[in-house]
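Residue-level structural notes
Each chain, letter by letter, is given below.
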Amino acid sequence: MNLTGRPPIGLKDDRPRDNPRHLERVRSLPCCICEAFGEMQDSATQAHHPIHDRWGTQKVSDQFAIPLCEGHHQGLVDRSKVAIHRDKAAWREMYGADHEWVAATLDKLGM
């Protein structure tokens, strides 16, 4: 809190940012990139919080997470794919902005 009794800038929305149940549901989906581009998913699905075109460094709400396999997400184990956290620009060039996959994820979850 600051002298006005308000939360810091960027934290004024009243949406819950943490939603473990939603993240669990996202992780139950197949990787949206593997599925869309006909690639074999060789690793577990992880929940990725979009980073393209983000203003500031604060993680977006869990509601906007998308399902990515480890290869398309971190690329620490599966290096056969372009991982967004290893090369954000190359990932965007190949697959588009990560936030463009949010609507399809929510559709699959029936939201």
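Quick summary incoming for the structure in this document. (Residues numbered from 1 in each chain as written. Predicted model: local features only at pLDDT ≥ 70, side-chain atom pairs only at ≥ 80, totals over all residues. Heavy atoms only, no water.)

1. Quick word on the state of the cysteines
Throughout this description, disulfide means a covalent bond between two cysteine sulfur atoms. Put simply, the rule reads: Throughout, disulfides are identified as pairs of cysteine sulfur atoms within 2.5 Å of each other. Relative accessibility thresholds used throughout: buried, under 20% of the residue-type maximum; exposed, over 50%; partly exposed, between the two (1.4 Å probe, protein chains only).
On inspection of all chains with the given rule, the structure shows zero disulfides. With no disulfide of its own, Cys-31 lies closest to Cys-34 among cysteine sulfurs, the gap being 3.8 Å. Look at Cys-31 and you get buried, because its relative accessible area is 0%. Cysteine Cys-32 remains unbridged, with the sulfur of Cys-31 as its closest cysteine sulfur at 5.4 Å. By relative accessible area, which is 10% here, Cys-32 ends up buried.

2. Things to note about the environment of Cys-69
Selection criterion: Labels follow the DSSP assignment, with helices taken as runs of H or I lasting at least four residues and strands as runs of E lasting at least two, numbered in each case from the N terminus. Whether two residues are in contact is decided by their heavy atoms, any of which lying within 4.5 Å being enough.
Examined against the element boundaries, Cys-69 turns out to sit in strand β2 (residues 66-69). It is 7.8 Å that separates the C-alpha atoms of Cys-69 and Cys-34, two residues lying 35 residues apart in sequence. If sequence neighbours within four positions are ignored, Cys-69 has contacts with Cys-31, Cys-34, Gln-41, Ser-43, Ala-44, Thr-45 and Lys-81.

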